[in-house]
Amino acid sequence: MAAAPTNQAAPQTGAQAVIASAVDPARRPDVLLRVRRDEGHEVSAWWMVGAFVGVSAAVVSLLSWVPGGS
């Protein structure tokens, strides 16, 4: 069975056309707080750990103002 010949002069159709004209979702202007970074420029995991600890501390401190606790 021979492979189907490919014609590079023909217009792209189907999935090829969709992929060729696709827009990177991370570059869309309506997407907030999502940026595709270059290799080696990822955010450190310690920022996420620190954010978790900070938000947790804020929630606990705010809940201390709720009456009825012990």
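What you see is a predicted model; the values in this text were computed from it and never measured.

A. Main features of the overall build of the protein chain. Within the protein chain, the regular secondary structure consists of 2 helices and 0 strands. Classification of the 70 residues of the protein chain by burial places 3% in the buried group. In the form shown here, the protein chain has an accessible surface area of approximately 6900 Å², with 66% of it arising from carbon and sulfur atoms.

B. Here's a closer look at a nonpolar patch on the surface. A cluster of nonpolar side chains, Trp46, Val49, Phe52 and Val53, forms an exposed patch at the surface whose accessible area comes to about 500 Å². Looking at where Trp46 falls in the secondary structure, it is placed in helix α2 (residues 45-63).

C. Representation of α2 within the structure. If you check α2, its first and last C-alpha atoms are 27 Å apart, about what 19 residues at 1.5 Å a residue would give, namely 27 Å. Buried residues are scarce in α2, accounting for 0 of its 19 residues.

Conventions used here
- Each chain carries its own residue numbering, running from 1 in the written order of its sequence.
- Totals for whole chains, interfaces and linings use every residue, but because this is a predicted model, local features are given only for residues with pLDDT of at least 70 and side-chain atom pairs only at 80 or more, for both listing and counting.
- The basis for every side-chain value is the complete set of non-hydrogen atoms in the structure, without hydrogens or water.
- Numbering of helices and strands runs from the N terminus; a helix is a DSSP stretch of H or I covering at least four residues, while a strand is a stretch of E covering at least two.
- Buried residues are those whose accessible area, probed at 1.4 Å on protein chains only, stays under 20% of the maximum for their type, while exposed residues exceed 50% and partly exposed ones sit between those limits.
- Areas reported as accessible are Shrake-Rupley estimates using a 1.4 Å probe. Residue values count occlusion only from the protein chains shown.
- Candidates for patches are residues over 30% relative accessible area with no salt bridge; among them, like charges are joined within 9 Å and nonpolar side chains (Val, Leu, Ile, Met, Phe, Trp, Tyr) within 5 Å.
- For salt bridges, the criterion is a side-chain nitrogen of Lys or Arg within 4 Å of an Asp or Glu carboxyl oxygen.
- In this analysis, the expected span of each helix is defined as 1.5 Å times one less than the number of residues it contains.

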